[in-house]
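Chains, contacts and geometry: an overview
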Amino acid sequence: MQDAGYLTGKLLIASPAIGDPRFDRALIYVCDHDDEHAMGIAVNNPVEDLRLPTLFDQLEIESDIVVPDRAVLNGGPVDGDRGFVLHTPDFSHDAATMRVSSNICLTATREVLDAMASDHPPRRAVLALGYAGWGPGQLEDELQASAWLVAEPEESLIFDDLFENKWERALKLIGVDPAHLSAISGHA
């Protein structure tokens, strides 16, 4: 259950005021947020030339199915060699699965990869390498500086492969015209 003022389960949309090229036009699904930290996964930044079947081969994950040819995401600049899977709640592994919202979970163990390669995978899942992290008060400061806009996520924004327009779709979800936002960036 989300506490008032925390953004767990929300979608952060980078504004032109972000000021950090690593997060230019980023969409970050917030997996955990409290007084001490915030953690999220970027959902619109595929790793160049890395697809799920290739990564599963590299990790020697045996598959009962043909693994879907989906992108692996760059989830953020922290722990870039560690995998994080956002998935629907039809998969859960003991204490390793964190329920983020009613329809999205996070698991960072091999069991979720094994499930993704089985004939009973989660209904929807996306694998990211790394995550975005903030220390105490850091995300709040960035929000105060208008670096991020906040939205309720739609499942398609988290899981689909239409990366080239996810940022624009997220802005439209909250009633912001991307052209108008870009046009006013840098003008206070």
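Everything quoted here is computed from the prediction, not taken from an experiment.

Calculation criteria
Here the residue numbering is sequential within each chain, running from 1 through the sequence in written order. With the structure being a predicted model, the display of local features is reserved for residues of pLDDT at least 70 and the display and counting of side-chain atom pairs for 80 or more, all residues being used for whole-chain, interface and lining totals. No hydrogens and no water enter the side-chain calculation; it runs on all heavy atoms of the structure. Residue types Ala, Val, Leu, Ile, Met, Phe, Trp, Tyr and Cys, when buried and joined through side-chain atoms within 4.5 Å, form a set referred to as a nonpolar core. Partly exposed residues are those whose accessible area sits between 20% and 50% of the maximum for their type, while under 20% is buried and over 50% is exposed, using a 1.4 Å probe and protein chains only. Whether two residues touch is decided by their heavy atoms; if any such pair falls within 4.5 Å, the residues are in contact. Centres within 6.5 Å make a pair out of two Phe, Tyr or Trp rings, where for Trp the six-membered ring is used; the pair is then stacked when the planes are under 30 degrees apart, edge-to-face when over 60, and tilted otherwise. Numbering of helices and strands starts at the N terminus; helices are DSSP runs of H or I of at least 4 residues and strands are runs of E of at least 2. Confidence scores here are pLDDT values: one per residue, from the predictor, ranging 0 to 100. Candidate patch residues must exceed 30% relative accessible area and have no salt bridge, after which like charges are joined if within 9 Å and Val, Leu, Ile, Met, Phe, Trp or Tyr side chains if within 5 Å. For the accessible areas, the method is Shrake-Rupley and the probe is 1.4 Å, while residue cover comes only from the protein chains on display. By salt bridge we mean one thing: a side-chain nitrogen of Lys or Arg within 4 Å of a carboxyl oxygen of Asp or Glu. Residues counted as positive are Lys and Arg, residues counted as negative are Asp and Glu, and His and the chain ends are not counted. Every charge is mapped to an atom, namely NZ of Lys, CZ of Arg, CG of Asp or CD of Glu. Note on terminology: disulfide denotes any pair of cysteine sulfur atoms within 2.5 Å.

**Overview of the nonpolar core**
Counting residues in hydrophobic clusters, the biggest one holds 42 residues, and the most contacted among them are Leu11, Ile28, Tyr29, Ile41, Leu86 and Trp148. Once you skip the residues sitting within four places of it in the chain, Ile41 turns out to touch Leu27, Ile28, Tyr29, Cys31, Gly75, Phe84, Leu86, Leu106, Ala128, Gly130 and Tyr131. Leu55, Leu113, Met116 and Ala125 belong to the second-largest nonpolar core, a separate cluster that totals 17 residues.

**Comments concerning the packing of aromatic side chains**
Evaluated as defined, the whole model comprises three aromatic pairs. Judged by centre distance (5.9 Å) and plane angle (70°), the rings of Phe23 and Trp148 are edge-to-face. Within this pair, whereas Phe23 is found in the loop between strand E1 (11–14) and strand E2 (27–33), its partner Trp148 is found in strand E10 (residues 148–151), the two being separated by 125 residues in sequence. Judged on exposure class, the residue Phe23 and its partner Trp148 are both buried. Pairing Trp134 with Trp148 gives two aromatic rings, centres 6.2 Å apart and planes at 80°, and the pair type is edge-to-face. With Trp134 in strand E9 (residues 125–134) and Trp148 in strand E10, this residue pair connects regions lying 14 residues apart in the sequence. With respect to burial, Trp134 and Trp148 carry one shared label: buried. Ring pairs connect the aromatic residues Phe23, Trp134 and Trp148, which therefore count as one cluster.

**Section: the confidence of the model for the chain**
Per-residue pLDDT for the chain has a mean of 92; in total, 94% of the residues score no lower than 70. Contacts of residues 183–188 to residues separated by more than four positions or lying in other chains number one contact, the stretch itself having pLDDT below 50.

**With respect to the environment of Arg123**
Among the structural elements, Arg123 can be located in the loop between helix H2 (110–116) and E9. A relative accessible area of 55% places Arg123 in the exposed class. Through-space distance from the C-alpha of Arg123 to that of His87 is 7.6 Å; in sequence the pair is 36 residues apart. Once residues lying within four places of it in the same chain are set aside, the contact partners of Arg123 are Thr88, Asp90 and Glu155.

**Here's the deal with a negative patch on the surface**
On the surface, Asp35, Glu36, Glu140 and Asp141 cluster together into a negatively charged patch. Checked against the element boundaries, Asp141 lands in helix H3 (residues 138–144). What makes Asp141 exposed here is its relative accessible area of 55%.

**Details of the environment of Ala96**
Within the secondary structure, Ala96 sits in the loop between strand E6 (78–87) and strand E7 (97–99). Considered as a pair, Ala96 and Gly135 are 39 residues apart in the sequence and their alpha carbons are 23 Å apart. Excluding anything up to four places from it in sequence, Ala96 contacts Leu106, Thr107, Ala108 and Thr109.

**Remarks on the state of the cysteines**
Counted by the stated rule, this structure contains zero disulfides. Of all cysteine sulfurs, the one in Cys31 lies closest to Cys105, which takes part in no disulfide; the gap is 10 Å.

**Some remarks on unusual backbone geometry**
Notably, Arg25 is not glycine yet its phi reads approximately 60°, a positive angle. Locating Arg25 in the fold gives a position in the loop between E1 and E2. The class for Arg25 is partly exposed, based on a relative accessible area of 33%. Of note in the backbone geometry, Asp79 takes a positive phi value of approximately 50° without being a glycine.

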